[in-house]
Amino acid sequence: MTFRPAEIVFVRHSETVANATGRYNPSTLNAFSKRGIQQTGKLTSALQKESFDEIVVSPSPRALKTVAPFLQRTDQVAEVWPELLECCHQKGVAQLKPPSPQIRFGPRIEWPTAFDSIFQHRFGAEQQILSPTYADGKRQINLTRDLLVSRYSGSGKKVLVVGHSIHGGILIGMMTGRPKPRLANATPIRLTETAPGQFRLK
């Protein structure tokens, strides 16, 4: 059988007030800065010049809002993956804590009803994944990588993935075998499959 390489286009969400100010709290985490609003518009226009076979996105509001205008303009639907939620932000001693004995799940993933036509749950994956330790987060990112490889390796598909900075950097590092890249807001990073389950930065 002929190998058909997959292409993954990873995009970190647009800039939030938290990103712009360094102040992280419930009111700043998912609110776009003025620059973030502009980035979303530019990203939407840029993505419209491409064609994607599938689109997957983190359940965080900032990720959903980043890709929503593109989905609405192109009449497409994205699948929401709990595994793409940001993680591995712990520092210092918190990084040394062992993982939970098993994967822990939180509340059901929800979004505004206005988005019901553009987002859908992945079958059997409707709850948030809780990763209270760095080790839990690494396990979550491993799950993300395994999902991407099992679903798309050798498929020839072009997949848009919308996620986060830390999670995305570690994920891309895992998939390419290179140091994790620094991800700018709303800037596509392209990975091309070179062999089954192996990717390089394009």
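Read on for an overview of the structure. Note that the coordinates shown come from a computational prediction; the quantities given were computed from them, not determined experimentally.

Taken as a whole, the largest pocket spans an internal volume of roughly 410 Å³. Residue lining of the largest pocket: 19 residues in total, with Tyr-24, Glu-86, His-89, Ser-165 and Ile-166 positioned closest to the centre. Listing elements by their share of the lining of the largest pocket, those giving two or more residues are helix H1 (17–21) and helix H5 (165–176). Class assignment for the residues of the lining of the largest pocket results in six nonpolar, eight polar and five charged. In this structure, the second largest pocket spans a volume of roughly 340 Å³. Ser-60, Leu-85, Glu-86, Gln-128 and Ile-129 are, among the 18 residues lining the second largest pocket, the residues nearest its centre.

Helix length check: helix H3 (residues 61–74) (14 residues) gives 20 Å between terminal C-alpha atoms against 20 Å at 1.5 Å per residue, within 8%. For H3, the principal kink sits at Val-67 and spans about 35°; a proline, Pro-69, occurs within the next four residues. Within H3 the residues assigned to the buried category are Arg-62, Ala-63, Leu-64, Thr-66, Val-67, Ala-68, Phe-70 and Leu-71. Turning to H3, the residues buried within the fold contact helix H2 (34–47), strand E2 (54–57), strand E3 (78–80), strand E5 (119–121) and strand E7 (158–163).

Summed over the entire model, instances satisfying the criterion amount to three aromatic pairs. Each ring, one from Phe-115 and one from Phe-119, has its centre 5.5 Å from the other, and the planes form 75°; the classification is edge-to-face. Every member of this aromatic cluster is reached through a ring pair, and the members are Trp-111, Phe-115 and Phe-119. Lying over the aromatic face of Phe-32, Lys-65 brings its terminal NZ or CZ to 5.0 Å of the ring centre. Above the face of the Trp-81 ring, Arg-122 is positioned so that its terminal group lies 5.4 Å from the ring centre.

Conventions adopted
- Residues numbered from 1 in each chain as written.
- Predicted model: local features only at pLDDT ≥ 70, side-chain atom pairs only at ≥ 80, totals over all residues.
- Heavy atoms only, no water.
- 1 Å grid on protein atoms, 1.4 Å probe; cavity = no way out; pocket = protein on both sides within 12 Å on 5 of 7 lines; lining within 4 Å.
- Points joined across faces, edges and corners; volume = space filled by probe spheres on them.
- Helix = DSSP H or I, 4+ residues; strand = E, 2+ residues; numbered from the N terminus.
- Nonpolar A, V, L, I, M, F, W, Y, C, P; charged D, E, K, R; others polar.
- Expected span 1.5 Å × (residues − 1).
- Bend = angle between axes of the 7 residues up to and from the residue.
- Buried < 20%, exposed > 50% of the residue type's maximum accessible area, 1.4 Å probe, protein only.
- Contact = heavy atoms within 4.5 Å.
- Phe/Tyr/Trp six-rings, centres within 6.5 Å; stacked < 30°, edge-to-face > 60°.
- Lys NZ or Arg CZ within 6 Å of the ring centre and 35° of its normal.

Keep in mind these numbers describe shape, not what the thing actually does.
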